[in-house]
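Observations on chain architecture
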Amino acid sequence: MTRVTVTDVSVSYRDRVAVEGVSLDVEQGHWIGLVGPNGAGKSTLLRAVAGLVDYSGEVTFDGVAVPNAERSKTVALLPQNPVMPTGMTVGEYVLLGRTAHLSWLAAETDHDRAMVGESIERLDLLDFAGRPVDELSGGEAQRVALARALAQESSVLLLDEPTSALDIGHELAVLELVNEIRCERMLTVVAAMHNLTAAGRIADHVLVMANGATEAIGTPAEVLTSEVLGPVFGADISVLDAPDGTRVIVPLRSGHSI
Ligand code: ADP
Ligand code: MG
C-alpha cells in the first residue's frame, strides 16, 4: 500500500552524474515504465529508490523518508543482471527474498515457506526448485530472481529490464503475471523496460530518460510517439497500430554510429 514520491533526485558515481534532478510521483497500485537508451540512468534511478546508492533529493514512501537500510520490507528490486550464488538451489535462493521478514537466526515460518512456494509455482519453476541456481540459463535465472523479488511481499516492486533475457513467449507471460499480481496485491511497480511496445501496453505512465534527466513523462499515448522517442534513441521510430488496438513501436532506421 505505498505511494512512491521521488523529488529532484540526483546520483553521481564519483565525478560522473548518472541521474540529474528526476522527480516522479507513483500512486499506489500504478505501473510506471522507465524507458531510454543505454546509460540513460534507469538502473541508477531504481537503485536510488531502493536505497542502494547515495543520492541528493528525496524519496518517500507514503510520504515517509525511510532510511536506505530499512527499505527492504517496503521495496523489492529485481536487478538487471542478478548474480546467482554458487552452491544454492532455486528453492533456497527464492527463500532469500524472505530475509527482510526473518528475525536474526530465526527459522522460517509456515508463511515464509508458503510465499516461497507460491512464487515458485506462479513463475512455473516447480521443476526447477531443486536445481542449482548457477546452472540456469539467463532467462531461467531471470524468472528465478523475479520469484525471489515476489516472495519478498513488498508493496513496491522495482524491476530492472525484467524480461531482457526472456524469449517473446515468456516475456509476455511474465509481464502479464506481474501485472496480475500487481492488481491482486495493489503493488506499486516501477520498471525499466527495454521493450517499448510492452511498456506501452502495460504501464499506466512512462518516464522517458536521456542522459540522466527526464525527457518526457506522461501516459503511453502521450510520450511513446515518434516525435519524443526519435531524438532520444537517435533513430527513426515508427508507431504502428496493432490489430488488437494497441501500438507497436519499431525503429525504422538508426542514425547511430556505435
Ligand atoms: P541505464 O540503466 O539507463 O542503462 P545506468 O543507470 O546503468 O543506465 O547508468 C547511467 C550512467 O552511470 C552510465 O553512464 C553508466 O556508465 C554510469 N554508471 C552506472 N553504474 C556505475 C557505477 N557503478 N560506477 C560508475 N558509473 C556507473
Ligand atoms: Mg540499466
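Residues numbered from 1 in each chain as written. Chains lettered and ligands numbered in written order. Predicted model: local features only at pLDDT ≥ 70, side-chain atom pairs only at ≥ 80, totals over all residues. Heavy atoms only, no water.

The subject of this paragraph is the overall build of the protein. Looking only at helices and strands, one finds eight helices and eleven strands in the protein. For 258 residues, the compact-globule estimate of 2.2 N^0.38 gives 18 Å, and the C-alpha radius of gyration of the protein, at 18 Å, lies within 12% of that figure. The principal-axis extents of the C-alpha atoms in the protein amount to approximately 55 × 40 × 35 Å. With an accessible surface of roughly 12600 Å², the protein has 51% of that area assigned to carbon and sulfur atoms. Between the mean site of the 18 positive side-chain charges and the mean site of the 35 negative ones, the protein shows a separation of 2 Å. (Helix = DSSP H or I, 4+ residues; strand = E, 2+ residues; numbered from the N terminus. Rg over C-alpha atoms; globule rule 2.2 N^0.38 Å. Areas by Shrake-Rupley, 256 points an atom, 1.4 Å probe, with all protein chains shown as cover. Lys, Arg positive; Asp, Glu negative; His and termini not counted. Charge placed at Lys NZ, Arg CZ, Asp CG, Glu CD.)

Before going further, it helps to examine the coordination of the magnesium ion (ligand 2). Summarising the metal site, the magnesium ion (ligand 2) is bound by the protein donors Ser43 (OG) and Gln80 (OE1), whose distances to it range over 2.0 to 2.2 Å. Taken together, the positions of Ser43 in helix α1 (residues 42-50) and Gln80 in the loop between β5 (75-78) and α2 (90-95) put the pair 37 residues apart, joining distant regions of the chain. What makes Ser43 buried here is its relative accessible area of 13%. (Donors = N, O, S within 2.8 Å, 3.2 Å for Na, K, Ca; no water. Buried < 20%, exposed > 50% of the residue type's maximum accessible area, 1.4 Å probe, protein only.)

Packing of helix α3 (residues 110-122) against helix α5 (residues 168-185) leaves a shortest axis separation of 11 Å and a crossing angle of 140°. In terms of orientation, α3 and α5 fall into the oblique class. Residues Met115, Glu118 and Arg122 of α3 form the contact with α5, whose participating residues are Leu177, Glu180, Ile181, Glu184 and Arg185. Tallied by class, residues from the contact of α3 with α5 come to three nonpolar, no polar and five charged. (Axes fitted to C-alpha atoms, helices over the stretch in contact; angles between N-to-C directions. Parallel < 35°, antiparallel > 145°, perpendicular 65-115°, else oblique. Contact = heavy atoms within 4.5 Å. Nonpolar A, V, L, I, M, F, W, Y, C, P; charged D, E, K, R; others polar.)

Our focus in this paragraph is empty space enclosed by the protein. Tallied over the entire structure, the rule returns one cavity of 30 Å³ or more. By volume, the largest cavity is sized at about 30 Å³. As for the largest cavity, its lining consists of Glu161, Pro162, Thr163, Glu171, Leu175, Ala192, Met193, His194 and Asn195. Looking at the lining of the largest cavity residue by residue, the class counts come to four nonpolar, three polar and two charged. (1 Å grid on protein atoms, 1.4 Å probe; cavity = no way out; pocket = protein on both sides within 12 Å on 5 of 7 lines; lining within 4 Å. Points joined across faces, edges and corners; volume = space filled by probe spheres on them.)

Now for the pattern of salt bridges. For the structure on display, the rule yields nine salt bridges. Between Arg113 and Glu108 there is a salt bridge whose closest N-O contact spans 3.6 Å. Take Arg113: its relative accessible area is 42%, and that puts it in the partly exposed class. One salt-bridge network, held together by shared partners, links Glu118, Arg122, Glu180 and Glu184. (Salt bridge = Lys/Arg side-chain N within 4 Å of Asp/Glu carboxyl O.)

Interpretation note: all reported values are geometric properties and have no functional meaning in isolation.
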